[in-house]
Amino acid sequence: MGRTAALMTAATLAACLSVTDAGAVDKVFKTEKAMVSVKTVASGLSHPWGLAFLPDGRMLVTEKDGRLRIVAPDGSVSGPVKGVPKVDDRGQGGLLDVALDPDFAQNRFVYLSFSEPGTEDGTNSTAVARGALNADGTALTDVRVIFSQKPKAESRMHYGSRLVFDRQGHLYVTLGERSLERFRTQAQDLDSHLGKVVRINRDGSVPADNPFVNRSGALPEIWSYGHRNIQGAALNPQTGALWINEHGPRGGDEVNVPEAGKNYGWPVVSYGVNYNGTPIGTGKSSAPGMEEPVYQWTPVIGSSGMTFYTADTVPGWKGSLFNGGLATKEVVRLELDGNKVKHEERMFRDLGKRIRQVSQGPDGALYLLTDENRGEILRVTPAGKS
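This section reports on the structure supplied with the text. Because the structure is predicted, anything quoted here is derived from the model rather than measured. (Residues numbered from 1 in each chain as written. Predicted model: local features only at pLDDT ≥ 70, side-chain atom pairs only at ≥ 80, totals over all residues. Heavy atoms only, no water.)

Observations regarding the overall build of the chain
When you go through the chain residue by residue, the secondary structure sums to two helices and 25 strands. Its C-alpha radius of gyration of 20 Å places the chain within 12% of the 21 Å reference for a compact globule of 386 residues. Referenced to the eigenvectors of the C-alpha coordinate spread, the extents of the chain come out at roughly 65 × 50 × 35 Å. Here the chain holds 386 residues, and the buried ones make up 58% of them. A separation of at least 24 residues holds for 57% of the contacts in the chain among residues at least 6 apart in sequence. By element, 48% of the accessible surface of the chain is carried by carbon and sulfur atoms, the whole surface being about 15200 Å². Averaging the coordinates of the 44 positive side-chain charges in the chain and doing the same for the 43 negative ones gives two points 2 Å apart. (Helix = DSSP H or I, 4+ residues; strand = E, 2+ residues; numbered from the N terminus. Rg over C-alpha atoms; globule rule 2.2 N^0.38 Å. Buried < 20%, exposed > 50% of the residue type's maximum accessible area, 1.4 Å probe, protein only. Contact = heavy atoms within 4.5 Å. Areas by Shrake-Rupley, 256 points an atom, 1.4 Å probe, with all protein chains shown as cover. Lys, Arg positive; Asp, Glu negative; His and termini not counted. Charge placed at Lys NZ, Arg CZ, Asp CG, Glu CD.)

Structure follows, in structure tokens:
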């Protein structure tokens, strides 16, 4: 739909309280497609950031300050899993996303993205480590860093950091441009990982068909560039393409479908402006040779975790793209027609919680992580079926 204003069709959703058979208090919401119940599965987590479901239905959950935990379906939370790399948890940094290897059942590999401290005081960068989860789930073994963003920077912001595997087993890693003006222009530079999507093999090596493998002076891991701070990413189940959302400045949160070798404009063009109101780059929202977003939000939602809904649990949601909202404290559901957004629905604002991640569980429920000192895992199901 190009760089046009986002569809502002949010409905006012009524919430009420109900009591489940187990005695827990749920919130019931009337959404456009169904009455749904939102129930707390687990609480007391310190700013949970990433979520991955183990084959037995338990959840691996990262806490920003550096702990990885396993949460059972009944809500019981393990002690910290040992072997997690040291993280720089200042500002927006810390232990971030988590993903399972496509062959986890055979190799037990777990991937973690995190802010990796530099050797110089105050510097850090986004990195990815891989380790094997031991049989009793208490530790990661043989942990090694398979990717480290270059260059390291003295910043506490914009790490990006979602992890998504494609159908061929390549790993996409989303990387922020570290926010500060002295770094942000590197989003346009191919000799820097800042403001990029990178694509690597499971061992950290570079796929031979990456777009800049044979270009002198370009980092071969780069898949796409000109990004700001990518906080949500998911693979489209219909096409196999990677979709992302990324934070704009004051205005201009974007949804993009990053293609190999293409430039997505930051910080030359943007729908937003600097926080002080001054123009970004050219002051325009488009330019030749720079890709248009699939969708944008102005004002911003503070876009975060993203998932495509494929289950039949809420039939009306099937095929929708769900996005967390940190700034607006909601979930935004997008209905798609190919790569175009045809309708938007905003949900769960009455919860009053920053939504860091949105994931579909193996049970067909929607799971939400709340970004709080005592963060929660919330489970969304049709009302009366939780």
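Still more ground to cover, so stick around.
Structural notes on the pattern of salt bridges
A complete count under the given rule lists 25 salt bridges for this structure. Close ionic contact of lysine 33 with glutamate 335 constitutes a salt bridge, the shortest N to O distance being 3.8 Å. Remark: glutamate 335 occurs in strand S21 (residues 330-337) and lysine 33 occurs in the loop between strand S2 (25-30) and strand S3 (35-45); sequence separation between them is 302 residues. With relative accessibility at 42%, the residue lysine 33 sits in the partly exposed group. (Salt bridge = Lys/Arg side-chain N within 4 Å of Asp/Glu carboxyl O.)

Details of the nonpolar core
In this structure, Leu60, Leu68, Val110, Leu112, Leu133 and Leu140 are the most contacted members of the largest nonpolar core, which totals 19 residues. Of all elements in the fold, only strand S6 (67-71), strand S7 (95-100), strand S8 (109-117) and strand S9 (124-133) reach the threshold of two or more residues within this core. Apart from the residues lying within four places of it in its own chain, the contact partners of leucine 60 are Gly50, Leu51, Ala52, Leu54, Leu68, Arg69, Ile70, Val98, Leu100 and Val110. (Core = buried A, V, L, I, M, F, W, Y, C linked by side-chain atoms within 4.5 Å.)

Re the pairing of strand S24 (residues 366-370)
Counted residue by residue, S24 has five buried out of five residues, so it is predominantly covered. Alternating residues of S24 divide into Leu366, Leu368 and Thr370 and Tyr367 and Leu369, and every residue in both groups is buried. Where strand S23 (residues 355-360) meets S24, five bridges bridge the pair, whose relative direction is antiparallel. Opposite glutamine 357, over in S24, you have leucine 369 as the bridge partner. The antiparallel pairing of S23 with S24 creates a hairpin that spans five residues between the two strands, and glycine 364 there sits at a positive phi of about 85°. Bridge count for S24 against strand S25 (residues 375-382) is four bridges, and the pairing is antiparallel. (Pairing = 2+ DSSP bridges.)

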